[in-house]
Amino acid sequence: MPGVLQIEAMAQVGGIMILSDLENAENYSTLFMKIENAKFKAQVVPGDTMLIRMELTSPVRRGICMMKGQIFVGNRVVTEAELMAQIVKQK
């Protein structure tokens, strides 16, 4: 699986994580803003099962979320990155 799709998967999981705490989450969107310190430590090949772990690294302030994520294949970390996203209300 290409690295860019792994990062996208992390961003999607982070968005779901953030919106799951909001009332009326269907009225909000999460916009991906920044990626830092991305490290690709091993290839993810067909047949691998990825486990994506995301956590907030600071409280949500003014709709800005800072997250750290890791992707595991088995017990091995294959990808990690720090992401920033913004929560916006849909019009």
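Given the structure is predicted, the values throughout are model-derived calculations rather than measurements. (Residues numbered from 1 in each chain as written. Predicted model: local features only at pLDDT ≥ 70, side-chain atom pairs only at ≥ 80, totals over all residues. Heavy atoms only, no water.)

### Focus: the side chain of Glu80
Looking at the secondary structure, you find Glu80 in strand β4 (residues 76-89). Among the polar contacts made by the side chain of Glu80, one reaches the side chain of Lys41 at a distance of 3.2 Å. Here Glu80 is in contact with Met10, Asn37, Ala38, Lys39, Lys41, Gly69 and Gln70, once residues within four sequence places are set aside. (Helix = DSSP H or I, 4+ residues; strand = E, 2+ residues; numbered from the N terminus. Polar contact = N/O pair within 3.5 Å; in protein donor to acceptor, adjacent residues only side chain to side chain. Contact = heavy atoms within 4.5 Å.)

### Things to note about the sheet that holds β4
Pairing is antiparallel across the open sheet formed by four strands, whose spatial order is β1-β4-β3-β2. The open sheet has two free edges, formed respectively by β1 (28-40) and β2 (50-56), since each of these has just one partner strand. Ignoring which end each strand starts from, the neighbouring axes of this sheet average 25 degrees apart. Judged from the seven bridges that link them, β2 and strand β3 (residues 64-73) form a sheet pairing that is antiparallel. (Pairing = 2+ DSSP bridges. Axes fitted to C-alpha atoms, helices over the stretch in contact; angles between N-to-C directions.)

### Looking at a nonpolar patch on the surface
Together, Met1, Val4 and Leu5 give the surface a local cluster of nonpolar side chains, amounting to about 290 Å² of exposed area. Structurally, Val4 can be placed in helix α1 (residues 3-19). (Patch = residues over 30% accessible without salt bridge, like charges linked within 9 Å, V, L, I, M, F, W, Y side chains within 5 Å. Areas by Shrake-Rupley, 256 points an atom, 1.4 Å probe, with all protein chains shown as cover. Salt bridge = Lys/Arg side-chain N within 4 Å of Asp/Glu carboxyl O.)

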